[in-house]
Amino acid sequence: MQIYNTLTKRKEEFKSIEPSKITMYVCGPTVYDYFHIGNARTFIMTDVIRRYFGYKGYDVTYAMNLTDVDDKIIKKSNEEGITPDDVADKFIDAFFEDIEKLKVKKANIYPKATKHMGDIIKLIKDLEDKGFAYNVDGNVFYNVKKFEGYGKLSGKNVDDLLSGARIEINNEKDNPLDFALWKKAKDGEPSWDSPWGKGRPGWHIECSAMSMKHLGETIDIHAGGNDLVFPHHENEIAQSEACTSKQFVNYWMHFGFLNIKDEKMSKSLGNFFTARDILKQYSAEVIRLFLCQTHYAGPLNFSEEGLKSTENGLKKITLLAEEVLKGLDNSEGVKPEFDFDSLYASFETAMDDDFNSSRGVAVIFDFVKAVNKVIAENENISPEFFEKAKLFLEKTAVGVFGILDFNSISISSGGSLENELVELFIKMRTDAKTEKNWALADKIRDELKEIGIELKDSKTGTTFKKI
Ligand code: AMP
Ligand code: ZN
């Protein structure tokens, strides 16, 4: 497998630290508002990468941090007259609701900055003891000149940065590029006790502390949007490597921006759509396919037209999936020649090449075309063929991209009131099972059978047929 590594600026053969295991850390949201569809690109493409590692048989331990103490949270709390904790709690709940609707699989760990003050303070103290940090009246700064490798990720040079452009004037710092590890408390702001007095951590140190605590001093993959290469990730390297003298991350991955008219979608520019608003009009599958059609590292323009044409394209996949589900009920038939292996191989070749999802998606469309041809050319096809076709879709479209959901297909294929009612009973039975109300779940299944409807449970959900 090849992965483009921002650190070495080339595609590299991927080799995990431990065989078959991967540690991955992704910079998550600052929880002061609903996230926008640009943030969603980072969350969804990370999800696709993580799912593909699963497809390849890796056991991934994935952490996404939640920045729950920050200037923007404090600003929002002042505007709304609620505590910063309440702001963070509200938008953490909203974050989980939205990623679930987007069918993003949950990370293994969602570390929060406020729950890691001990680890953060310990790390800053260590940097101070080793001479990389200095305290100016309760503010602690990192001395970038002390870290030899500063600039190695972003390709920036400290002297160029110093002589270049506008750098904030701050008389407290030895060097304008030095950044805050610990910020002295201000009135009315959340603060914690520390060896330097009351205060709160800088943003960069949170990620160093939480990544090393949960995943180890050296991890396989660290990812985030392109905007994080400098200074955030550059500073994370400086902090972590100064402390451990070990490589912090083996592969740095960065996601291209989701743009609106070629300009980065961002809260500050006001050119954003929240994911929850887009989800009112388009399914998670449409949104995910729209994003997967472009390689994760390149820019992508967001537009209504783009989503609409994706929706039309997706219909080709869902219509075929309906045919496949119907074909499973065939009693017998011909066994057509079909090279599933070469389609799996093409899919893997695409995805092994730095997660080329646009080519991976194209393989799924090729598959749809080929299966449709088989269906058109044969009167009666064996259910085994459809089993294999379903498995292909389950592994790729459902499992890796999350652009197909067999559960919602039986709903759309029905359309009639009768079918909708059966779907309603299926949903009630699923809920009953979730609540461990087995008696009710069995009653629903048995009563439906009485009236000639048989339910069939599988890993991807429940379908029904008339008997
Ligand atoms: P934030 O909440 O702004 O810290 O962002 C959360 C994650 O979304 C980070 O990994 C950012 O790099 C990423 N991100 C922010 N804006 C965009 C965008 N327009 N396109 C892609 N990723 C983004
Ligand atoms: Zn981070």
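Described below are features of the structure shown in this document. Note that the structure is predicted; figures quoted are calculated from it, not measured.

What surrounds ligand 1 is a group of 17 residues, the closest being T42, G225, D227, L258 and M265. Within the side chain of T42, one N or O atom sits 3.0 Å away from a nitrogen atom of ligand 1. Burial of ligand 1 by the protein chains amounts to 91% of its free accessible area of 490 Å². Put simply, the parts of the chain that give the shell around ligand 1 at least two residues each are helix 1 (37–55) and strand 9 (219–225). Of the residues forming the shell around ligand 1, the biggest block, three residues, is contributed by helix 1. For the shell around ligand 1, the per-class residue count stands at six nonpolar, nine polar and two charged.

Moving on, we come to the sheet that holds strand 7 (residues 179–184). Spatially, the four strands line up as an open sheet ordered 5-6-7-8, and their pairing is antiparallel. With one partner strand each, in any of the chains shown, strand 5 (133–136) and strand 8 (199–201) form the two edges of the open sheet. For this sheet the average axis-to-axis angle between neighbouring strands, irrespective of direction, equals 20°. Strand direction decides the pairing type here: strand 5 and strand 6 (residues 139–142), joined by four bridges, are antiparallel. Residue pairing in the sheet places A133 in a bridge with Y142 of strand 6.

Okay, a negative patch on the surface next. Taken together, the side chains of D85, D86, D89 and D93 make up a negatively charged region of the molecular surface. Secondary-structure assignment places D85 in helix 3 (residues 84–101).

Parameters at a glance
Residues numbered from 1 in each chain as written. Chains lettered and ligands numbered in written order. Predicted model: local features only at pLDDT ≥ 70, side-chain atom pairs only at ≥ 80, totals over all residues. Heavy atoms only, no water. Near = heavy atom within 4 Å. Polar contact = N/O pair within 3.5 Å; in protein donor to acceptor, adjacent residues only side chain to side chain. Areas by Shrake-Rupley, 256 points an atom, 1.4 Å probe, with all protein chains shown as cover. Helix = DSSP H or I, 4+ residues; strand = E, 2+ residues; numbered from the N terminus. Nonpolar A, V, L, I, M, F, W, Y, C, P; charged D, E, K, R; others polar. Pairing = 2+ DSSP bridges. Axes fitted to C-alpha atoms, helices over the stretch in contact; angles between N-to-C directions. Patch = residues over 30% accessible without salt bridge, like charges linked within 9 Å, V, L, I, M, F, W, Y side chains within 5 Å. Salt bridge = Lys/Arg side-chain N within 4 Å of Asp/Glu carboxyl O. Lys, Arg positive; Asp, Glu negative; His and termini not counted. Charge placed at Lys NZ, Arg CZ, Asp CG, Glu CD.

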